[in-house]
Amino acid sequence: MEIHNSLENISASEIQNRFVNDGIVFPLRLMSTEQAAGYASQYYHFQQQAIQRFGSEIYIKPHLVAPWIYEIARQRALLDRVAALLGDEILLWSSDIFNKPAGSDKRVGFHQDSPYWGLSPEDGLVSVWIALTSSQPESGCMQVIRQTHNIGLLPHRKTYAPDNMLSVGQEVEYDCDSALVTDVALQPGEYSIHHFNLIHGGQPNSSTQDRIGLVFRFIRPGMVQSQGPDSATLMRGNNSGGYQLETPPATELGEPEMAQLRRVFAESPSGFGGQMLA
């Protein structure tokens, strides 16, 4: 099932109601199609420079080394909608870039995020998924099973499947029948906000265009990390919540920025340290 009705004028109370009922709110617009295309071009240049200088792409916490990604995260219109769900004290716990290349057979298995990150309570984190290129069923858009955020944590199995883009190929043990699945179709510049527990995944990109998504994980300062000390970037308010505060980037891939990113990878309790840089 695909839904696409513009929610540009949605109120804070309606965001709350839809989020509580469905576990997701979309499509919301953050920027124009032209602005999104410009950011997609910056993404390609950013990854090209990362490969040339450090031998690998940077797809976890890129907001710490790319000022343009940090600036997207701190846009007032975006934070206002996040605040409707989390309140006015907001930390950016992590960010990710997901690229499914055109014609790729890579997919994302259906899963919940909450079992893997050591964070609680479950209502203290929201994920914002921003389309920098068109994200449609044929290009492998995110898919969700609405209302599954209310069923608690479910067991997952590690498949290590080579076509599964997740770290251990995890798949939730739940009946993900296609009749229950909603396609989160987004035009460039649109985004969704989904719950920590919502079952989601995505199919391969059979289109002729790369599908590039930028994801921000926002938390309340009161979120407890059970796996040890953790860090985050302060986005709104003054409350660090006990998280080590990260420094926003001044220069793309600068030496201080890269040093901080290496330190975060090395010290992260949530498994992100698997992405190490030379």
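Residues numbered from 1 in each chain as written. Predicted model: local features only at pLDDT ≥ 70, side-chain atom pairs only at ≥ 80, totals over all residues. Heavy atoms only, no water.

Draft legend 1. Representation of the confidence of the model for the chain in the model. Chain-level pLDDT for the chain is 91 on average; 94% of the residues reach the 70-or-more range. Confidence drops under a pLDDT of 50 for residues 273–278, and excluding neighbours within four residues, the segment shows 17 contacts in the predicted structure. (pLDDT = per-residue confidence, 0-100. Contact = heavy atoms within 4.5 Å.)

Draft legend 2. Structural detail: the pattern of salt bridges. Across all of its chains, the model carries 12 salt bridges by this definition. Residues joined in a network through salt bridges with shared partners are R76, D80 and R236. (Salt bridge = Lys/Arg side-chain N within 4 Å of Asp/Glu carboxyl O.)

Draft legend 3. Spotlight on the sheet that holds strand β11 (residues 199–202). The strand order β3-β11-β6-β9 describes an open sheet built from 4 strands, whose pairing is antiparallel. This sheet does not close on itself; its edge strands, each paired only once, are β3 (108–111) and β9 (182–183). Bridge count for strand β6 (residues 142–145) against β11 is 4 bridges, and the pairing is antiparallel. Opposite M142, over in β11, you have G202 as the bridge partner. (Pairing = 2+ DSSP bridges. Helix = DSSP H or I, 4+ residues; strand = E, 2+ residues; numbered from the N terminus.)

Draft legend 4. Inspection of the environment of V224 at higher detail. Tracing the sequence through the fold places V224 in strand β13 (residues 224–225). Put simply, V224 and G242 are 18 residues apart on the chain and 9.0 Å apart in space, counted from C-alpha to C-alpha. With near-sequence residues (within four places) excluded, V224 lies in contact with G118, L119, S120 and Y243.

Draft legend 5. Quick look at the packing of helix α1 (residues 12–22) against helix α4 (residues 76–86). Here α1 crosses α4 at 55 degrees, and the two axes come no closer than 9 Å. Classified by the interaxial angle, the pair formed by α1 and α4 is oblique. In this structure, α1 crosses over α4, and the sense of that crossing is right-handed. Residues A12, I15, Q16 and F19 of α1 pack against R81, A84 and L85 of α4. Here the residues of the contact of α1 with α4 sort into 5 nonpolar, 1 polar and 1 charged. (Axes fitted to C-alpha atoms, helices over the stretch in contact; angles between N-to-C directions. Parallel < 35°, antiparallel > 145°, perpendicular 65-115°, else oblique. Left-handed = near helix turned anticlockwise from the far one by under 90°. Nonpolar A, V, L, I, M, F, W, Y, C, P; charged D, E, K, R; others polar.)

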